Amino acid sequence: MTERTADPRIVPLIADRWSPRSFDGTALPADDLALMLEAATLAPSAYNYQPWRFLYSIHGDANWDLFLSLLVPFNASWAKDAGALVFVISDTMMRSPKGANPNHVHSFDTGAAWAMLALQALAMGYHTHGMAGVDYAKAQIELDVPEDFRIEAAVAIGRKDSPERLPEGLREREVISARNPVAHVSAAGKFGNLPTA
Ligand SMILES: Cc1cc2nc3c(=O)[nH]c(=O)nc-3n(C[C@H](O)[C@H](O)[C@H](O)COP(=O)(O)O)c2cc1C
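Calculation criteria
The residue numbering used here restarts from 1 in each chain and proceeds along that chain's sequence as written. Selection of residues for local features in this predicted model requires a pLDDT of at least 70, selection of side-chain atom pairs for listing and counting requires 80 or more, and totals for whole chains, interfaces and linings are taken over all residues. Only hydrogens and water are set aside; all other atoms, that is, all heavy atoms of the structure, feed into the side-chain values. The set of buried Ala, Val, Leu, Ile, Met, Phe, Trp, Tyr and Cys residues whose side-chain atoms join them within 4.5 Å is what this entry labels a nonpolar core. Buried, partly exposed and exposed residues are distinguished by accessible area as a fraction of the type maximum, computed with a 1.4 Å probe on protein chains only: under 20%, between the cut-offs, and over 50%, respectively. Here a strand is any run of E in DSSP of at least two residues, a helix any run of H or I of at least four, and the numbering for each starts at the N terminus. Here, two residues are considered to be in contact whenever any of their heavy atoms come within 4.5 Å of each other. Throughout this description, a polar contact denotes any pair of N or O atoms lying within 3.5 Å of each other; where both atoms belong to protein, one of them has to be capable of donating a hydrogen while the other can accept it, and for residues adjacent in sequence the pair is counted only when both atoms sit in side chains. Pairing of aromatic rings covers Phe, Tyr and Trp, the last counted by its six-membered ring, and requires centre-to-centre distances within 6.5 Å; plane angles under 30 degrees mean stacked, over 60 mean edge-to-face, and any other angle means tilted. Counted as over-ring charges are cases with an Arg CZ or a Lys NZ within 6 Å of the ring centre that also lie within 35 degrees of the ring normal.

A. Inspection of the nonpolar core at higher detail. With 24 residues, the main nonpolar core has Leu71, Trp78, Ala79, Leu85, Phe87, Met131 and Ala156 as its most contacted residues. Counting only elements with at least two residues in this core, the list comes to helix H3 (64-69), helix H4 (73-79), strand S2 (84-91) and strand S6 (149-158). Sorting elements by how many residues they give to this core places S6 first, with 4 residues. In this view, Phe87 contacts Arg53, Phe54, Leu55, Phe67, Leu70, Leu71, Val134, Ala139, Leu143, Ile151, Ala153 and Ala154; residues no more than four positions away in its chain are not counted. Among the nonpolar cores identified, the runner-up in size contains 19 residues, and Leu37, Ala40, Ile58 and Val86 belong to it.

Next up, the structure:
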């Protein structure tokens, strides 16, 4: 497994998070999922509007087959062994008694919430795997998500299993991935000061 290099002063929970695909097929206890969702809700958001919404299914419950069917086949092939699936949704509008206005940062804030969920899950001995491979149009309909709410992504959560559980082809992808150097993605001042690829 390739090593991810991070400065040792980085909080270990952050440095150690990664996204496996091999899960052990056991259902996530509802109490554990509730804690992860509570962690998600502790994320900061503009005006503390908290645009995030979470629709979940625990492995084997009444919604499980429906949730799996909303993933692209590749993701369903391994996420079937996750302990829970969560669709992360954002409210695109800021609503008040005076009316509704577009919220520029609905995805930004909801992304922060998913990161909190992922870290809480890791602290509890679980792993998470974000998925953009979702049939978004179908999910919007099947989950009754209103038009002004955006399905951002799905997340698989569960107990990690060994790579051998996966079919060949996926086993070798069960590795901790590296990152672009900070100096490649940050610069003082204006955008033009960023290094070109
Ligand atoms: C929003 C989002 C969507 C992703 N979509 C998929 C996906 O559809 N299928 C998949 O196998 N991995 C997916 N990933 C996992 C990424 O490939 C993975 O996070 C990335 O390679 C970095 O690896 P790490 O999470 O192990 O650090 C997604 C991750 C995120 C955050």
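Picking up where we left off.
B. Molecular detail of the side chain of Arg17. Locating Arg17 in the fold gives a position in the loop between helix H1 (12-16) and helix H2 (30-41). Of note is the side chain of Arg17, whose polar atom sits 3.3 Å from the side chain of Ser19.

C. Inspection of the packing of aromatic side chains at higher detail. Counted by the stated rule, this structure contains 1 aromatic pair. A ring pair is formed by Phe67 and Phe87, whose centres lie 5.2 Å apart and whose planes are at 75°; its orientation type is edge-to-face. Placement of the pair is Phe67 in helix H3 and Phe87 in strand S2, with a sequence separation of 20 residues. By relative accessible area, which is 0% here, Phe87 ends up buried. Seen from the ring of Tyr126, Arg159 lies directly overhead, with NZ or CZ sitting 3.9 Å from the centre.

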